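# Summary of structural features
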Protein chains: 2
Amino acid sequence: MEKYDKSGDKSYALGTTLTFELLNRKSDKATRIYISPKQKRDETYLKLVNLAKSKNIPIIENNEKIFKSLSGKDNTMVIGEFKKFQGEMNKGNHIVLVNPSNMGNLGTILRSSAAFGIDGVYIIKPAADIFDPKCVRGSMGSIFSIEFKYFSSFNEYLFEAGNDRDFYPFMLQTNNSLKDIKEVKTPFTLIFGNEATGLDDSFLKVGTPLKIPQSSVVDSLNLDNAVSIALYHFLAK
Amino acid sequence: MEKYDKSGDKSYALGTTLTFELLNRKSDKATRIYISPKQKRDETYLKLVNLAKSKNIPIIENNEKIFKSLSGKDNTMVIGEFKKFQGEMNKGNHIVLVNPSNMGNLGTILRSSAAFGIDGVYIIKPAADIFDPKCVRGSMGSIFSIEFKYFSSFNEYLFEAGNDRDFYPFMLQTNNSLKDIKEVKTPFTLIFGNEATGLDDSFLKVGTPLKIPQSSVVDSLNLDNAVSIALYHFLAK
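A short tour of the structure in this document, coming up. (Residues numbered from 1 in each chain as written. Chains lettered and ligands numbered in written order. Predicted model: local features only at pLDDT ≥ 70, side-chain atom pairs only at ≥ 80, totals over all residues. Heavy atoms only, no water.)

Contacts between the two partners involve 30 residues from chain B and, on the opposite side, 30 residues from chain A. Together, the buried faces of chain B and chain A total about 2,600 Å²; carbon and sulfur atoms form 56% of this surface. Our enumeration of links across chain B and chain A arrives at zero salt bridges. At the boundary of chain B and chain A, one finds ten residue pairs in polar contact (both at pLDDT 80 or more). Elements supplying a minimum of two residues to the side of chain B that touches chain A: α4 (103–115) and α7 (223–235) of chain B. Broken down by element, the residue count for the side of chain B that touches chain A peaks at six residues, all from α7(B). Here the side of chain B that touches chain A is built from residues that sort into twelve nonpolar, 13 polar and five charged. (Contact = heavy atoms within 4.5 Å. Buried area = accessible area lost by both parts, 1.4 Å probe. Salt bridge = Lys/Arg side-chain N within 4 Å of Asp/Glu carboxyl O. Polar contact = N/O pair within 3.5 Å; in protein donor to acceptor, adjacent residues only side chain to side chain. Helix = DSSP H or I, 4+ residues; strand = E, 2+ residues; numbered from the N terminus. Nonpolar A, V, L, I, M, F, W, Y, C, P; charged D, E, K, R; others polar.)

Written out as C-alpha cells, the structure reads:
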C-alpha cells in the first residue's frame with residue numbers, strides 16, 4: 001500500500017490542477033502520473049496524457065488503491081508523483097521561517113510568497129514538512145514555482161545568504177511598527193518565528209525588529225496572515 | 001453519544017484556554033463545563049472550577065466519553081458547552097463575508113478581526129458554520145468577543161446596516177488598488193466573496209471595488225490572508 005513517507009524521497013500532487021502545475025513547472029522531478037480508472041476520458045484527460053507523454057513521464061491507469069491510500073477524497077482522479085527537491089540560495093528578497101510547525105500555514109505562505117513575488121522561502125529546522133501532500137495542496141502548486149530550502153540553523157542560512165541585505169525579524173518584543181517602514185531597500189529578509197513561541201530575544205539584534213500593530217484582544221495573528229501582511233507592506237505596488 | 005450537531009442549539013469550546021475565554025466573555029451562554037477525569041487537580045483546575053461556580057455553571061467530571069466523541073485529541077481535558085448565539089447590528093466598521101465555505105478561514109478571520117478591532121463580522125448564507133467546534137477553536141476564542149450575525153442575503157445586511165457608510169468590495173474584476181486608499185473614512189464595510197468564486201459583477205456597483213495588487217503567478221490569495229491584508233491597510237495605526 002502506497003503511503004506518503006516523510007523520510008522517503010517521493011511525494012505527491014493530489015488532483016488534476018496540481019498535477020498540471022507539476023508537469024508544467026517541475027517536470028524534471030515528476031516520476032509517475034496516476035490516473036484513476038474512474039476518470040472520464042475527456043479533453044482534460046487527453047491534455048494530461050499528452051503533456052505527460054511529451055515529458056516522458058510514465059502513466060499508470062490501473063492502480064485504484066493508491067487514490068484511497070493517498071487522498072481519501074473521493075473526487076481525486078489524478079495524482080502526480082514526484083521526487084523531493086530543494087532550491088538554491090538566491091540574491092533576491094527572502095522569507096525566513098524559523099521552526100514553523102503547521103504544514104497548513106507553510107502551504108499558504110508559499111502561496112502568498114508567490115502572489116507577491118518573493119524570490120526565496122528558507123526554513124529553519126525543526127520544521128513542518130513542506131512535502132507533505134497536504135502542504136503541497138495548500139500551496140496551490142506554488143511549491144513548484146517558488147525557490148525554497150531547509151537549513152539546520154539561522155546561522156547556516158546567514159552564511160549562505162550573506163550580510164549584504166536588510167533583515168526584519170517580526171516579533172512582539174519591540175515597539176517598532178511595520179507601518180513606519182516607508183521606504184524599502186532591496187534585497188531584504190523578513191523573518192518569522194514559530195506559531196506558538198515566536199522569535200526569541202536573540203533576534204532583537206538581527207537587523208530591525210518589527211511588530212504588526214494590532215489591538216490587544218488576541219495575542220497575535222495567525223502566522224500565515226502575519227506573513228501576508230508583511231509581504232503586502234514590503235512588496236505590493 | 002454526544003456529537004456536535006450543526007442544526008442543534010449547542011456547541012463546544014474544546015480545551016482549557018477556550019473554555020476560560022467562554023467563561024470570561026460569554027458566561028451567559030455557557031451551559032456546562034466538562035472536566036476529564038484525567039485532568040490534574042492543579043491550580044488551573046481550581047481556577048476553572050471556582051470561575052464556573054461563581055457564574056453558576058454546572059461542572060461534569062465523570063463523562064470521559066464526551067472527550068473522545070467531541071475532540072478526538074488526547075490532550076483535551078476541558079470542554080465548555082454553550083448555547084449558540086448571534087450578535088446585533090452595530091454602527092461601527094464591518095467585515096461582510098459572502099458565502100464563505102471554509103470554516104478554518106472563518107475562524108482565522110474572526111481572530112484577525114478581533115486583532116485589528118473590527119466592530120462586526122456579518123456573514124451571508126449559504127455559509128460555513130461558525131459554531132463548528134473546529135471554527136470555535138480556529139478563532140482562538142475571539143468568537144466570544146467579536147460581534148457577528150448571519151444574513152440570508154446581502155440586501156438583508158444592507159437593510160440593517162444602512163447606506164450611511166463606505167463600502168469596499170474586494171474583487172479581481174477591478175483595477176482599483178487597495179494601495180491607493182490613502183485616507184479612511186469611518187464607518188466602512190469591507191466585503192469579501194467565496195473562496196473559489198469571489199464576488200460576482202453585481203458588487204462592482206456597491207461602493208468602491210478594490211483589488212489587492214499581486215503578481216500573476218497564482219490566482220489569488222487565501223481568503224483569510226486577503227481579509228487580514230485589508231484589515232491591516234484600513235485599521236493598523
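This part takes up α4(B). In this model α4(B) runs 18 Å from its N-terminal to its C-terminal C-alpha over 13 residues, within 8% of the 18 Å that 1.5 Å per residue would give. Looking at the buried residues of α4(B), the elements they touch are α7 (223–235) of chain A together with β5 (94–98), β6 (120–124), α5 (133–138), β7 (147–151) and α7 of chain B. You can read the cap of α4(B) off the contacts: a side-chain oxygen lies 2.7 Å from the backbone nitrogen of G104(B), and it is on N102(B). (Expected span 1.5 Å × (residues − 1).)

What follows deals with the relation of the copies chain B and chain A. When chain B is fitted to chain A, the residual RMSD is 0.0 Å, and the transformation amounts to a turn of 180 degrees plus an axial shift of 0.0 Å. Given the turn and translation reported, the copies of this chain are related as if by a two-fold rotation axis. Of the interface residues in chain B, 100% have counterparts in chain A that sit at the interface too, so the contact is made through matching surfaces. (Least-squares fit on C-alpha atoms with pLDDT ≥ 70 in both.)

Restricting attention to buried positions, one finds in helix α1 (residues 16–25) of chain B the residues L18(B), T19(B), F20(B), L22(B) and L23(B). Contacts from the buried residues of α1(B) go to β1 (10–14), β2 (30–35), α2 (43–54), β4 (78–83) and α5 of chain B. (Buried < 20%, exposed > 50% of the residue type's maximum accessible area, 1.4 Å probe, protein only.)

Bringing the packing of α7(A) against α7(B) into the picture now. Where α7(A) meets α7(B), the closest approach of the two axes is 9 Å, and the angle between their N-to-C directions is 55 degrees. With respect to their mutual orientation, α7(A) and α7(B) come out oblique. At the point where α7(A) passes α7(B), the crossing takes the right-handed sense. In this structure, α7(A) contributes D224(A), N225(A), S228(A), I229(A), Y232(A) and H233(A) to the contact, and α7(B) contributes D224(B), N225(B), S228(B), I229(B), Y232(B) and H233(B). Its residues assigned to classes, the contact of α7(A) with α7(B) comprises four nonpolar, six polar and two charged. (Axes fitted to C-alpha atoms, helices over the stretch in contact; angles between N-to-C directions. Parallel < 35°, antiparallel > 145°, perpendicular 65-115°, else oblique. Left-handed = near helix turned anticlockwise from the far one by under 90°.)

Turning next to the pairing of strand β6 (residues 120–124) of chain A. Residue and element names in this part refer to chain A. Counting buried residues along β6, five of its five residues qualify, which places the element largely inside the surrounding structure. Burial along β6 is two-sided: G120, Y122 and I124 facing one way and V121 and I123 facing the other are all buried. Pairing between strand β5 (residues 94–98) and β6: five bridges, direction parallel. From the neighbouring strand, V98 faces β6, where its bridge partner is I124. Between β5 and its parallel partner β6, the chain crosses via helix α4 (residues 103–116), and the hand of that crossover is right-handed. In the sheet, β6 pairs with strand β7 (residues 147–151) via five bridges, with the strands oriented parallel. Across the sheet, I124 pairs through a bridge with F151, a residue of β7. Between the parallel pair β6 and β7, the chain is carried across by helix α5 (residues 133–138), and the sense of this crossover is right-handed. (Pairing = 2+ DSSP bridges. Right-handed = clockwise from strand over helix to strand, strands pointing away.)

Purely spatial values, then, with no claim about function.
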